[in-house]
Amino acid sequence: MRSLKLIDGCKGTQIYAFNPSNPTINGGGGGGGGGGVVGEKLLHHLHDHAGVSANRYKSNQNCHSVVETLLPHGLPKVDLLEPQIEPYLKSVNFVETLADVYRRTENCHQSEKSEAYLEQCAIFRGLPDPKLFRRSLRSARKHAVDAHSKVVISAWLKYERREDELIGTSAMDCCGRNIECPKAALASGYNPESLFDPCVCSRPTQEDVDDEGSVEDEECSTSVEDGDMSFCIGDKEVRCFRYNIAGLSRPFNTMLYGRFVESRRERINFSQNGISADGMRAAEIFSRTKKIDSFDPPIVLELLSLANKFCCDEMKSACDVYLASLVSDIDSAVLFMEYGLEETAYLLVAACLQVFLRELPNSINNPNVVRFFCSSEAREKLAMVGHASFMLYYFLSLIAMEDDMKSNTTVMLLERLGECGSSSWQKQLVNHLLGCVMLERNEYKDAQHWFQASVEAGHTYSLVGLARAKYRRGHKFSAYKQMNSLISEYTPIGWMYQERSLYCLGKEKMMDLNTATELDPTLSFPYMYRAVLMAEDNKIGAAISEINKIVGFKVSAECLALRAWFSIATEDYDGALRDIRALLTFEPDYMMFNGKMHAEQLVELLRHHGQQWNQADCWMQLYDRWSSVDDIGSLAVVHQMLANYPGRSLLWFRQSLLLLRLNSQKAAMRSLRLARNYSSSEHERLVYEGWILYDTGHREEALAKAEESISIQRSFEAFFLKAYALADSSLDSESSQYVIGLLEEALKCPSDGLRKGQALNNLGSVYVDCENLDRARVCYINALTIKHTRAHQGLARVYHLKNQRKHAYDEMTRLIEKARNNASAYEKRSEYCDRDMAKNDLSMATQLDPLRTYPYRYRAAVLMDDHKEAEAIAEITKAIAFKPDLQLLHLRAAFQESMGDFVATLRDCEAALCLDPSHGDTLELCNRARERCNEQQK
């Protein structure tokens, strides 16, 4: 099935820099991989490109200047390597943190749940799986009790899909459900069960037309002779009914019926109260009709001011609602925001705020917008209206940090965020974020202050930032002692040793880096440092092998960039082009060589040294790489094809699929949006919009898009989307047959072999679930015929279910031999062999991809069977330390229950339920453990 591992990856910050000198690398010993005199060869090639062969590159007029820019950089130096301080909440005991936040979320009052889920969002933002963050954000929206919270979170959910990049859409467009509907966000009331119901914003409002007519009739019915009193404004007189005006508010009632002289006068001078005669006539009409829909906005603004002066709550509310309905774009929002703040009109400010937030990230660079948020005075004005919250400023601060981490706007928004923070986790977060920003701005003294404040608030991870700030200020030994103390005080974690390695030398540094990798193999910095150190020793081949270790399971732009540079050093220009093209699909604006050269320029510089392919060649290369499960190579080919045909939506869609396989949802979604923007027909556009909705958790809406697309034109992708979305749930027999029918319809439609291979593979999987093994086997064989290599795994499953384990094992062996990325194949083959062979396969799977959890669970289960409980727990704990997975937590909880440790069982269950509150087995285990804990306490 289409990849479901949706994680954010490839951070923009580069963690290596390049030596400004220009070292040459002599000799070819060790793991040099045939590099020779690397520096000289590289310089000669680049000089050839700029000079001797200049006639070949007339199309690139800037080629010579590019070469001159490249020449001084040399190879990267270890002295300039440094990992990024992560701008998230990060716990030294993550499982306990998850359990604690789960308990507080479950036990808090209904009105506090939204903020509790926001804390979950802050915790999950540092995890690689964005689905956890979005789920908590939806829960926060579900339990939002006021318009302010609804507006902020609805806009935030919309931002997560980055619909601002979709051509032809408006910021105020509605998704059709209450959860993101701009009108539903402004509605009062708390009804969490209606969150995913269809919204009412598109329904006709015929009564408004009728009401307008009735108001006009009543307006005309009042003449000068009507009424029993008058308000004199200038030389104009407005006749009114004393009783009706008195009913607007208690101050009017006291003035007109109390002991004031106005109570005895028929004509009252009202010229000094800031309202025009037209405005007063409108007030008179409202006093009778209780409607304001027929008035022009300037008149309603006068009524709003009058309502504030004389405490006319009903009239103020009506003006607020009406004016809020007029806010539709940035210009109107900027205009009405001034009035809303001045008149403390809660709903009007909410409507303006909603436009500002739904226009993000563009509005963050609009000075007319940010002035309402950045200063302390602006925050105080928002607070007066009830619209200054930690939630609001957290959202704005994150956008500002993504846009420009070093900007003054970012600093000011974070400072306002600090003014809104009250609870412990909020203070920890804002102080840590300010520390990260100050560190980026090279303001080390301020960074040290904010990191220290975060530590004092309880955020232990900020000690890393504190040590880094001290180090930058020249206090290296103090930084070392601080990290040494941290390692001694807490259970060691990989990032602790990684940070300490910055402050020591030689063997001690390497020991720390190796320990960091052992404790957390997902950390990129240790691999990169070791690779660069090997390159400095002219062991380029060994350096590439070291980088390959992490690229094999965690692809990032900086690792691809480093491998590309090493490839250039060994004159492997095809390999360098592959990696640079691939990293550009992750980060199109990536700058190579510490920001000295755009990656696209390097592609242009090197592409003439590699093989030249036309579009037909590219398709053949794509088939070969796709069939060999070479996702990076496939990405590089797609990038080259898009360079020639940037408007091909099919290629952008193919690129998004590959990026999803590599667990980079952010880049995948960007490609998917471009596929949608370049779509040449409505039915194609609907399919891509459906995938965008599906990948951001909107399954029902995705199904609706697929059905709409099919109603316009039957296509492979529309049927495939519908089948895929339906299959993403437990299917009964009838539903399975329906999905089978959809996939068969998809296969009847035109498509290329790559996609049809996927459809056949999916069809075989559904047939297996229906226990129709013969048809499943046919599907998998047909998929293999068109080089869909992953079908070997499905065919092996069929053989296994037919009790043909040898055939199943052989099938997986073929997949291992063909697939470039084969960790999953080793894992799956372990199910079809004896225990010793299985242990070897699972050991290889862990070596190739430490993030795969099944090998840890299998080894732990074997240890439990052998009554080695402590070792089994240790095996699971080792993986949880860097991947707190639901299944790992559940298994450890089950082990601990069998050992009678019900407190630890309860903790792990609560942590697992924080990751997935609806997991039935964990809920059952959690309830049992809670009962036993209660019994022990009695």
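Note: the structure precedes this text.
Reading the values: the criteria
- Residues numbered from 1 in each chain as written.
- Predicted model: local features only at pLDDT ≥ 70, side-chain atom pairs only at ≥ 80, totals over all residues.
- Heavy atoms only, no water.
- Helix = DSSP H or I, 4+ residues; strand = E, 2+ residues; numbered from the N terminus.
- 1 Å grid on protein atoms, 1.4 Å probe; cavity = no way out; pocket = protein on both sides within 12 Å on 5 of 7 lines; lining within 4 Å.
- Points joined across faces, edges and corners; volume = space filled by probe spheres on them.
- Pairing = 2+ DSSP bridges.
- Buried < 20%, exposed > 50% of the residue type's maximum accessible area, 1.4 Å probe, protein only.
- Contact = heavy atoms within 4.5 Å.
- Axes fitted to C-alpha atoms, helices over the stretch in contact; angles between N-to-C directions.
- Parallel < 35°, antiparallel > 145°, perpendicular 65-115°, else oblique.
- Left-handed = near helix turned anticlockwise from the far one by under 90°.
- Nonpolar A, V, L, I, M, F, W, Y, C, P; charged D, E, K, R; others polar.
- Phe/Tyr/Trp six-rings, centres within 6.5 Å; stacked < 30°, edge-to-face > 60°.

A.B. asks: Could you give an account of unusual backbone geometry, with specific residues and numbers?
C.D. replies: Residues apart from glycine generally show negative phi values, whereas peptide bonds are mostly found in trans. Here the bond from Leu360 into Pro361 is cis, since omega is 5°, no more than 30 degrees from zero. Here Pro361 lies in the loop between α15 (346-358) and α16 (367-370). In this structure, Asn538 is a non-glycine residue whose phi angle is positive, near 65°. Relative to the helices and strands, Asn538 resides in the loop between α26 (524-536) and α27 (540-551).

A.B. asks: Could you give me a rundown of empty space enclosed by the protein, with the residues and numbers involved?
C.D. replies: Counted by the stated rule, this structure contains three cavities of 30 Å³ or more. Roughly 50 Å³ of internal volume is contained in the second largest cavity. Along its surface, the second largest cavity is lined by Phe356, Leu360, Ser363, Ile364, Val369, Val370, Phe373, Leu396 and Leu413.

A.B. asks: With reference to specific residues and values, describe the pairing of strand β2 (residues 236-240).
C.D. replies: Taken together, the five bridges between strand β1 (residues 229-233) and β2 define a ladder with antiparallel strand orientation. Along β2, the bridge assignment pairs Ile233 with Lys236. The antiparallel pairing of β1 with β2 creates a hairpin that spans two residues between the two strands, and Gly234 there sits at a positive phi of about 65°.

A.B. asks: Which residues make up the environment of Leu195, and what are the values?
C.D. replies: With respect to the helices and strands, Leu195 occurs in the loop between α7 (182-186) and α8 (206-221). On the accessibility criterion, Leu195 (5% relative accessible area) is buried. Between the C-alpha atoms of Leu195 and Ile179, which are 16 residues apart in sequence, the distance is 5.1 Å. When sequence neighbours within four positions are dropped, the list of residues in contact with Leu195 reads Arg138, Arg141, Lys142, Arg177, Asn178 and Ile179.

A.B. asks: With reference to specific residues and values, describe the packing of helix α25 (residues 506-519) against α26.
C.D. replies: Taken N-terminus to C-terminus, the directions of α25 and α26 make an angle of 140°; their axes are 9 Å apart at the nearest point. Classified by the angle between their axes, α25 and α26 sit oblique to one another. The element α25 and its partner α26 pack so that their crossing is left-handed. Of the residues in α26, those in contact with Lys509, Met510, Leu513, Asn514, Ala516 and Thr517 of α25 are Phe525, Pro526, Tyr527, Tyr529, Arg530 and Leu533. For the contact of α25 with α26, the class distribution of residues is eight nonpolar, two polar and two charged.

A.B. asks: Got a sec to walk through the sheet that holds β2? Specific residues and values, please.
C.D. replies: Overall, mixed pairing links the three strands, which are arranged β2-β1-β3 in an open sheet. Across the chains shown, the open sheet's two edge strands, defined by having one partner strand only, are β2 and β3 (267-269). The sheet shows a mean angle of 30° between the axes of neighbouring strands, taken without regard to direction. The strands touched by helix α11 (residues 277-289) are β1 and β2; relative to β2, the strand with the most contacts, the crossing angle is about 5°.

A.B. asks: Account for the packing of aromatic side chains, naming residues and giving values.
C.D. replies: Considering all chains together, one arrives at 27 aromatic pairs under this definition. An angle of 35° between the planes, with centres 6.0 Å apart, marks the rings of Phe390 and Tyr394 as tilted. Highlighted residues: Phe390 and Tyr394, both in helix α18 (residues 390-403), separated by four residues, approximately one helical turn. When the centroid spacing of 5.7 Å and the interplanar angle of 20° are considered together, the rings of Phe716 and Phe720 count as stacked. Residue Phe716 and its partner Phe720 are both found in helix α38 (residues 716-727); the two are separated by four residues, about one turn of the helix. On the accessibility criterion, Phe720 (1% relative accessible area) is buried. Feature note: the residues Phe133, Trp156, Tyr159, Phe390, Tyr394, Phe395 and Trp425 constitute an aromatic cluster, connected by ring pairs.

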